[in-house]
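These are the residues of each chain, in order.
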Amino acid sequence: MEDFLLAVSLLFTTPLIAVAIAGLVWGILGGALPGISPSISMALLLPFTYTLDPMSAIVLLATAYIGAEYGGSIPAILIRTPGTNAAAATVIDGYEMRRQGKGGEALGISLWSGFIGSMFGLAMLVLLTEPLSQLALAFRPTSYFALGVLGLSVIASLSGKSLLKGAAAAILGLMVATIGTDPISGVGRFTFGSPDLLEGVAPIFVMVGLFAVSELMTHSGIAAHAIDQKETIRVRLPSLAMMNRLKRSQIIGSIIGTFEGLMPGAGGSIASFLSYNEAKRWSKHPEEFGKGSPEGVAAPEASNNTVASTALIPLLSFGIPGSNSAAVLLGGLLIHGLLPGPRLFEENTEVILGLYMGSFVAIVAMLVAGILILPLCVWLVNRPRPYLSGFIFALVLSGVYTVHVTLFDVGIVLVAGLFGYAMRFFGFPFLPAVLGVVLGELVESNYRRSLVLSGGDNAIFLEDPIAVGFLIVAVLFVVLALVGEWRSAARLRKGVKA
Amino acid sequence: MLASPPHGTTGRTQNDMRISRAFFGAAAFLAAAFGSGLTLAADTPLAYPHRVVTLVTHSSPGGGSDVFLRDLVRHLRKHIDATFIVENVSGGSGTRALARVANASPDGSVLYATTPTYILTSLLSQAENSYDDLEPLVNFFTDSEIVYTRADGPFMTLRDVIDHARAGRGRWGAANPASLERQAAEQLKRAAWVDAAVVSHEGGGDLMINVLNGTLDIGVGEIGETRAQLEAGQIRILAVFNPHRMAAFPDVPTVQEYGYDVVMEKFRGLAGPKGLPPEIIAIWNEAAQRLLADPEYVASYEAENLFANFQSHDDYAPFIAEFAGDTEGFLRETGVIP
């Protein structure tokens with residue numbers, strides 16, 4: 001109670017509200033720019049925090065994280081380009097809704113779900129840091145491997161029409177993930193002596209290339225008037241009935257997001273793909289998924305926004321960053337001489353309370369900011385096609401260039417774009433490829449780490465109950481998907497005969 | 001300064017004389033003995049031919065070298081009359097930062113924060129610029145590399161860990177595949193003649209979790225990365241790879257004391273483009289010693305468990321060359337590079 005009063009008093013005695021809103025807006029803009037990941041938008045803010053007091057600095061960074069995770073969904077829905085890794089799953093139904101002229105509704109749903117997810121995550125952070133942090137310790141390399149396999153098993157539901165093409169795309173993604181420094185031995189692989197490839201190919205560049213560049217290339221081949229839709233998409237929050245319908249997928253998303261946030265290295269991407277998959281499984285209208293289902297937007301968005309708060313749990317309780325963004329936040333803490341860990345809660349109560357309060361302010365402000373920013377975004381994407389395409393090209397490529405200030409990255413995006421164009425042409429789905437790039441390193445490095453531990457004995461996976469559980473679920477997913485595929489093929493054959 | 005050159009020049013000469021006399025002995029001792037004289041000298045920053053000096057690091061904001069530089073800069077202003085800017089050049093695994101410095105003009109206006117990473121990166125990549133294109137300037141610190149285990153685990157000393165590995169198979173962890181920590185663990189394993197899996201991770205956080213949950217017997221890491229767990233009493237330090245015991249932990253023996261001839265020094269210093277002029281080198285040799293004796297800075301770096309280890313340019317260059325030779329040998333033996 002005393003803490004609560006102190007927290008409330010911080011609202012009026014410190015510039016907390018202004019800082020939180022500034023961080024949020026910066027985050028949304030960073031997240032919405034394709035190529036600028038949440039961690040980069042936070043890192044860009046870091047120099048500004050040097051002169052701030054510790055509490056404001058941390059609030060600024062944490063709220064930028066919240067904003068960025070939300071912002072990533074805006075281009076995912078409007079221009080079929082996820083602004084962040086974790087928004088990749090939002091593309092599926094978000095962009096489909098926009099194509100059906102329901103873009104405003106999709107934006108409203110993602111905003112609302114982001115709000116719910118963030119609030120849920122914040123509640124977990126405030127109330128359950130202690131027990132949840134113990135859970136983070138239960139994960140061993142074997143468990144991470146199994147988690148990655150579970151993530152990959154979702155490919156079936158992302159493959160669209162052909163499971164085979166989906167699997168092929170996923171393998172392509174996994175191959176890209178092997179480029180760079182070997183995670184266990186440190187040997188360079190497929191780097192061809194180029195230092196730029198030592199760190200591997202960033203998933204975000206692959207996504208920007210596959211989605212945005214290939215989309216722009218496709219558009220350049222179509223007469224402008226043929227695809228110009230003149231409908232006005234007004235941004236609106238979901239109605240009560242819709243809110244009710246979204247509830248289930250948001251709960252699924254928030255719970256999965258909570259757990260993923262705890263696991264270092266997993267991050268929001270697996271969370272949003274898994275949530276999408278689960279929301280589809282438990283939905284009353286699974287057939288709508290992939291064809292513009294509101295739940296298909298709500299689940300991943302609730303989930304990646306939950307991660308933005310729960311990723312702070314291992315950071316604050318152990319000083320172990322759960323994601324790149326959390327690592328930047330750790331840097332922010334260290335620069336201000338704050339050492340994360342149990343003592344932070346005792347010695348710097350004010351900073352922690354400020355962080356909670358600032359996050360709360362930012363999440364509430366997110367609804368308002370979204371409603372103000374979104375119409376502008378919608379107006380932008382409704383400009384005549386040629387201008388829009390040119391603008392997006394400039395935006396995307398300059399965004400990518402800013403990250404490391406190197407043309408090499410721009411080259412990667414363009415090559416990925418060519419691949420995307422070819423994949424589109426031959427009907428290969430993008431998302432399995434993205435999943436492969438994102439999860440490849442997690443699966444590979446933890447598999448090999450487990451084997452180094454065991455001396456090459458695969459039985460080590462059976463000793464870890466978490467791994468066994470995940471692997472069983474993964475096998476079930478794959479079997480169910482195969483059975484479904486086989487059934488629909490059988491039905492199709494029957495139809496042809498009849 | 002520009003308005004009255006004669007006056008300024010004489011003032012500087014006097015200061016220089018006083019400082020060089022003051023630094024003949026141990027800086028720390030003199031700080032106490034001639035407190036007042038030193039304060040006067042330290043109050044007047046050394047003149048520098050550049051108004052703005054850029055300190056480049058491969059580390060992203062908040063990373064190890066970034067934090068080191070920013071803290072350094074905060075105190076350096078009192079000792080060198082210039083404005084220092086920290087520039088984070090990320091990407092290419094650190095090679096881009098190397099290239100940025102190697103191709104800058106060698107006049108002391110652009111310097112680089114050295115750590116073993118710049119040697120490792122040069123050896124691992126076939127980048128155009130390597131550590132050989134930089135000239136080591138001065139060293140400031142040794143970062144302590146320690147062996148740690150979970151506090152509620154069965155290992156009380158490094159001897160227990162070695163015995164365990166001898167009886168069966170040890171499970172040891174290091175933060176990154178191509179790192180000083182892995183090198184330390186591999187060399188310890190060889191020196192002790194035991195079988196242990198040396199598991200590399202993707203950073204210190206990953207490693208810490210696996211030590212805390214008992215997947216690994218021990219972890220080898222920088223003491224700075226373990227501070228949170230150390231203060232919370234979750235881990236125990238078993239040994240340190242430094243040549244001497246740490247001041248803050250006098251009870252922790254060195255690995256050498258256990259009878260294994262393995263010493264690791266994670267150095268932190270500065271380097272510049274090849275061909276730095278002697279007057280720049282002289283200024284830094286002096287400023288570095290002044291800085292390391294500055295009581296405010298001492299308080300700040302001791303809290304980080306950094307071990308002041310001043311090396312002048314004349315010592316630093318051979319040290320780096322030897323270090324690079326050892327590291328290259330290690331990378332070849334472990335098959336990381338052909």
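Residues numbered from 1 in each chain as written. Chains lettered and ligands numbered in written order. Predicted model: local features only at pLDDT ≥ 70, side-chain atom pairs only at ≥ 80, totals over all residues. Heavy atoms only, no water.

Draft legend 1. Fine view of the overall build of chain B. Each helix and strand counted, chain B has 13 helices and 11 strands in total. Scored against the burial criterion, the 338 residues of chain B give a buried share of 57%. Split by element, the accessible area of chain B, about 13,600 Å² in all, is 53% carbon and sulfur. (Helix = DSSP H or I, 4+ residues; strand = E, 2+ residues; numbered from the N terminus. Buried < 20%, exposed > 50% of the residue type's maximum accessible area, 1.4 Å probe, protein only. Areas by Shrake-Rupley, 256 points an atom, 1.4 Å probe, with all protein chains shown as cover.)

Draft legend 2. Layout of the interface of chain B and chain A. On the chain A side, the residues contacting the 44 residues of chain B number 42 residues. Taking both sides of the interface into account, the surface hidden between chain B and chain A amounts to around 3,400 Å²; carbon and sulfur atoms contribute 58%. Taken together, the links from chain B to chain A amount to 0 salt bridges. Joining chain B to chain A, the criterion identifies 10 residue pairs in polar contact (both at pLDDT 80 or more). Elements that contribute at least two residues to the side of chain B that touches chain A include exactly helix H4 (64–76), helix H5 (95–102), strand S7 (196–200), helix H9 (204–212) and helix H10 (227–231) of chain B. Examining the composition of the side of chain B that touches chain A, we find that 6 residues originate from one element, H9 of chain B, more than from any other. In terms of residue class, the side of chain B that touches chain A is made up of 15 nonpolar, 19 polar and 10 charged. (Contact = heavy atoms within 4.5 Å. Buried area = accessible area lost by both parts, 1.4 Å probe. Salt bridge = Lys/Arg side-chain N within 4 Å of Asp/Glu carboxyl O. Polar contact = N/O pair within 3.5 Å; in protein donor to acceptor, adjacent residues only side chain to side chain. Nonpolar A, V, L, I, M, F, W, Y, C, P; charged D, E, K, R; others polar.)

Draft legend 3. The arrangement of the packing of aromatic side chains in detail. Residues and elements named next belong to chain B. Applying the stated criterion across every chain, the model contains 23 aromatic pairs over all chains. An angle of 85° between the planes, with centres 6.0 Å apart, marks the rings of Phe-68 and Phe-141 as edge-to-face. Highlighted residues: Phe-68 in helix H4 and Phe-141 in strand S4 (residues 134–143), separated in sequence by 73 residues. Accessibility assignment for this pair places Phe-68 and Phe-141 in one class, buried. (Phe/Tyr/Trp six-rings, centres within 6.5 Å; stacked < 30°, edge-to-face > 60°.)

Draft legend 4. Looking closely at unusual backbone geometry. All names here are of chain A. Backbone geometry at Arg-80 places phi at a positive 60°, although glycine is not the residue there. Summarising the element assignment, Arg-80 is placed in the loop between helix H5 (73–78) and helix H6 (88–99). Although it is not a glycine, Phe-190 sits at a positive phi angle of roughly 50°.

Draft legend 5. Local environment of the sheet that holds strand S10 (residues 266–273) of chain B. Residues and elements named next belong to chain B. Taken in spatial order, the 6 strands of this open sheet run S2-S1-S3-S10-S4-S11, and their pairing is mixed. At either end of the open sheet lies a strand with only one pairing partner, and these are strand S2 (80–88) and strand S11 (306–311). Each neighbouring strand pair of the sheet contributes to a mean axis angle of 30°, computed without reference to strand direction. Here strand S3 (residues 110–114) pairs with S10 via 3 bridges, running antiparallel. Paired with Thr-114 across the two strands is Gly-269, which belongs to S10. Along the sheet, helix H6 (residues 116–124) contacts S3, S4 and S10; its crossing angle with S10, the most-contacted strand, is approximately 70°. Sitting on the sheet, helix H11 (residues 278–293) is in contact with strand S1 (46–57), S2, S3, S4, S10 and S11, with an inclination near 10° to S4. (Pairing = 2+ DSSP bridges. Axes fitted to C-alpha atoms, helices over the stretch in contact; angles between N-to-C directions.)

Draft legend 6. A look at the layout of surface pockets. All names here are of chain A. What the second largest pocket holds in volume is close to 1,800 Å³. Residue lining of the second largest pocket: 48 residues in total, with Ser-157, Ser-159, Gly-160, Lys-161 and Gly-290 positioned closest to the centre. Listed by contribution, the elements that provide at least two residues to the lining of the second largest pocket are H6, helix H9 (155–158), helix H11 (203–220), helix H14 (267–282), helix H21 (407–425) and helix H23 (465–497). With 7 residues, the top contributor of residues to the lining of the second largest pocket is H23. (1 Å grid on protein atoms, 1.4 Å probe; cavity = no way out; pocket = protein on both sides within 12 Å on 5 of 7 lines; lining within 4 Å. Points joined across faces, edges and corners; volume = space filled by probe spheres on them.)

Draft legend 7. Broad picture of the sheet that holds strand S6 (residues 170–174) of chain B. Residue and element names in this part refer to chain B. Read across the open sheet, the 5 strands follow the order S7-S6-S8-S5-S9; overall the sheet is mixed. At either end of the open sheet lies a strand with only one pairing partner, and these are S7 and strand S9 (235–240). Across the sheet, the mean angle from the axis of one strand to that of its neighbour is 30°, orientation sign disregarded. Two strands pair when backbone bridges link them, and strand S5 (residues 145–150) and S9 are joined in this way by 5 bridges, in the antiparallel orientation. By the bridge assignment for S9, Tyr-148 is matched with Ile-237. Contacts from helix H7 (residues 158–167) reach S5, S6, strand S8 (218–222) and S9 within the one sheet, and its direction differs from that of S6 by about 125°.

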